[in-house]
Structure formats: C-alpha cells, structure tokens
Amino acid sequence: MGGLGARERLLDAAEELFAERGIAATGVDAVLKRAHVAPATLYAHFGGKDDLVAAALQRRHERWRAIWDEVLRRCGDDAVERALSVFDALDELHRREEAARGCAFLAAAVEVVDPRHPAQEWLAADTHLLDERLRELAAGTGAADPDALATELLLLYDGALAARARRAITGPRKKPEVRALAEAAVTRHLP
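If you're wondering where the values come from, they're calculated on a predicted model, not measured in any experiment. Numbers given to residues run from 1 along each chain, matching the order in which its sequence is written. Note on the predicted model: pLDDT of at least 70 is required for a residue's local features to be given, and 80 or more for side-chain atom pairs to be given and counted; whole-chain, interface and lining totals, by contrast, use all residues. Excluding hydrogens and water, the side-chain values take into account all heavy atoms of the structure.

Visitor: I'm lost on the UniProt feature "domain: HTH tetR-type" (unreviewed entry) in the protein chain in this one. Help?
Guide: Sequence positions flagged by UniProt for "domain: HTH tetR-type" (unreviewed entry) are, in local numbering, residues 4-64. Only DSSP runs of H or I with at least four residues qualify as helices, and only runs of E with at least two residues qualify as strands; both kinds are numbered from the N terminus onward. The span residues 4-64 is 79% helical and 0% strand by assignment, and the distance between its end C-alpha atoms comes to 21 Å. UniProt positions are given in the numbering used here, feature names are shortened, and annotations may be inferred rather than shown by experiment.

Visitor: Can you walk me through the packing of helix α4 (residues 49-75) against helix α6 (residues 104-111) in this structure?
Guide: Running from N to C, α4 and α6 point in directions that differ by 150°, and their axes come no closer than 11 Å. Classed by the angle they form, the pair α4 and α6 counts as roughly antiparallel. Two packed elements cross with a definite hand, and for α4 against α6 that hand is left-handed. Across from Leu-57, Arg-60 and His-61 in α4, the residues of α6 making contact are Ala-104, Phe-105 and Ala-108. Residue polarity is assigned by list, with Asp, Glu, Lys and Arg as charged and Ala, Val, Leu, Ile, Met, Phe, Trp, Tyr, Cys and Pro as nonpolar; anything else, Gly included, falls into the polar class. Of the residues assigned to the contact of α4 with α6, the class counts are four nonpolar, one polar and one charged. As a rule, the C-alpha atoms of each element are fitted with a line to give its axis, helices using only the stretch in contact, and angles between N-to-C directions run from 0 to 180 degrees. Any angle that is under 35 degrees is reported as roughly parallel, and any over 145 degrees as roughly antiparallel; angles of 65 to 115 degrees are reported as roughly perpendicular and all others as oblique. A crossing counts as left-handed when the near helix is turned anticlockwise from the far one by less than a right angle, and as right-handed when that turn is clockwise. Should any heavy atoms of two residues lie within 4.5 Å, those residues are counted as being in contact.

Visitor: Looking at this structure, how should I read the UniProt feature "DNA-binding region" (unreviewed entry) in the protein chain?
Guide: Listed under "DNA-binding region" (unreviewed entry) in the UniProt record, and renumbered for this structure, are residues 27-46. Secondary structure over residues 27-46 splits into 80% helix and 0% strand, and the C-alpha atoms at its two ends are 15 Å apart.

Visitor: How should the packing of aromatic side chains be read in this particular structure?
Guide: Aromatic rings in a pair are described by how distant their centres are and how their planes are angled relative to each other. Paired rings are identified among Phe, Tyr and Trp, the last through its six-membered ring, by centres lying within 6.5 Å, and are further divided according to the angle between planes into stacked (under 30 degrees), edge-to-face (over 60) and tilted (the rest). What the rule picks out here adds up to two aromatic pairs. Ring geometry for Trp-64 versus Trp-68: centroids 5.4 Å apart, planes at 35°, classification tilted. Placement of both Trp-64 and Trp-68 in helix α4 is noted, with a separation of four residues, approximately one turn of the helix. Accessible area is worked out with a 1.4 Å probe on protein chains only. A residue is then buried under 20% of its type maximum, exposed over 50%, and partly exposed in between. Owing to a relative accessible area of 2%, Trp-64 belongs among the buried residues under this scheme. Geometrically, the ring pair formed by Trp-64 and Tyr-157 is tilted, given 6.0 Å between the ring centres and 35° between the ring planes. Here Tyr-157 lies in helix α8 (residues 146-170) and Trp-64 lies in helix α4, a separation of 93 residues in the sequence. Here Trp-64 and Tyr-157 have matching classes, each one buried. Grouping aromatic residues by their ring pairs yields a cluster made of Trp-64, Trp-68 and Tyr-157.

Visitor: Mind showing me how you'd approach unusual backbone geometry here?
Guide: Most peptide bonds take the trans form, and the phi angle of most residues other than glycine is negative. Despite not being glycine, His-36 has its phi angle at roughly 60°, a positive value. One can find His-36 in the loop between α2 (28-35) and α3 (39-46).

Visitor: Would you take a moment to explain helix α7 (residues 120-140) for this structure?
Guide: Side chains of residues three or four places apart in an α-helix project in the same direction, reflecting 3.6 residues per turn. Helix length check: α7, at 21 residues, gives a terminal C-alpha distance of 30 Å against a target of 30 Å (1.5 Å per residue), a fit within 8%. Among the residues of α7, those classed as buried are Trp-122, Leu-123, Asp-126, Leu-129, Leu-130, Arg-133, Leu-134, Leu-137 and Ala-138. Around the axis of α7, the buried residues are gathered within 135° of arc, so they sit on the same side. In α7, the exposed residues that point more than 90 degrees away from the buried face are Glu-121, His-128 and Glu-136. The positive-phi residue at the C-terminal boundary of α7 is Gly-142, with phi of around 85°. To estimate how far a helix should extend, the number of its residues minus one is multiplied by 1.5 Å. Read the arc as the range of directions from the helix axis to the C-beta atoms.

Visitor: Looking at this structure, how should I read the packing of helix α1 (residues 6-21) against α3?
Guide: Each pair of packed helices gets described by two things: the angle between the helix axes and the distance between those axes. It is the contact of α1 with α3, at a shortest axis distance of 10 Å, that shows an interaxial angle of 95°. Classified by the angle their axes make, α1 and α3 are roughly perpendicular. For the pair α1 and α3, the contacting residues are Ala-6, Arg-7, Leu-10 and Leu-11 in the first and Thr-41, Leu-42, His-45 and Phe-46 in the second. Looking at side-chain class alone, the contact of α1 with α3 contains five nonpolar, two polar and one charged residues.

Visitor: I keep staring at the nonpolar core and nothing clicks. Help me out?
Guide: The criterion is simple. A nonpolar core is a set of buried Ala, Val, Leu, Ile, Met, Phe, Trp, Tyr and Cys residues joined through side-chain atoms within 4.5 Å. Within the largest apolar cluster, 57 residues are counted, with the highest numbers of intra-cluster contacts made by Trp-64 and Trp-68. It is α4 that provides the largest number of residues to this core, a total of twelve residues.

Visitor: Looking at this model, I keep getting lost on the confidence of the model for the protein chain. Mind explaining?
Guide: When pLDDT drops low, the exact placement of atoms in the prediction is not to be read closely. The predictor's confidence in any single residue is recorded as pLDDT, a number from 0 to 100. The predicted model of the protein chain has a mean per-residue pLDDT of 91, with 91% of residues at 70 or higher. Within the protein chain, α8 has the poorest average pLDDT of any element, 87, and α7 the best, 98.

Pasting the structure below:
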C-alpha cells in the first residue's frame, strides 16, 4: 500500500478484509490497522463503516464494468463472443486480482440486508448491469428467447462464482468449463 493516498489505502484494506473475513466480522479497527491510518482519516473520507462498505463496492463495480467493457471491445461484432464475454471478463478479473473467494457483491448481499444501507445502491447496480447487459447481448445473438438465454447465462455466471468460492475452501481442483457450457446454451437458443 506504499505510495497510495489514505483513501485508497482504506479501500484496499477494506476490500481485502471483507474478502478474508466478511463485512460483519471486519471491525473498523482492523481496517485502520491494515491501512495505517488514524480513525479521523476514515471518518473524514467515509463518515463510517457503512459508507466505506458502499465505497468499496462502488470501486469494485467500476473495475468490473471496465474489465467487461474492455473484453467486449475485443469481441468486436461477433454476437456469440459478445454473449460469452461475461465469462472471459470474469476470468480476466480473477487473473488481475487473484480474487479466489467468489463475488464481492454476492457476499455483500448476504451480509448487507438493511434496505437503507448505502451499499444497497451498488448491489443493485451490479445486478442491473448483469441483467440488462446479458439481456442485450442475448438478444444480439438472434436467440429465439433472449430472456431465457440471459437467465441461463446469469445462472452459469453465478455458478462459476460459487465454484470459485468452493475451490478457495477445498483447494485447487479441475476448473469447471463454464464458458463451454455457456457456449452450448447460446447454440441451443439460436433459431
């Protein structure tokens, strides 16, 4: 965390600790200690733990969207590759960040249940991005039922995240070929 500013160090520490321990089990003191900042610094930047959680999810959402956008650009106009891009983007995210514990958004959704919590905005943004983009990409394939294809792709995506979380617990095993399953799903849905 060397030359980073205090705000970035706090966000890095929060993301790491939330992934390692969970949001509820991570106290503010642990974040402060890992970020090497004083309590006043956290409160000056975020106001409290809830706002820190929201800011960490916002940053994660922005990184995820940027990676997916980058993968989509590489796909060009190939509609099937574009529909499968979510799996390539997920692999790219995990290569860059070595995030083996699963999805920050799914984990947060389990822990952040208060509908007034500021993190809810970013949980909704992640869900909206997945739903809308997968629907749009599924329609681009010419699928007979784009909504059904988008639903199937989302289920495979969620399954891929769950498989990553399980591998983090049980140790390395053969990686499931989720992209191949998704490609078969796209083919099945084409007219």
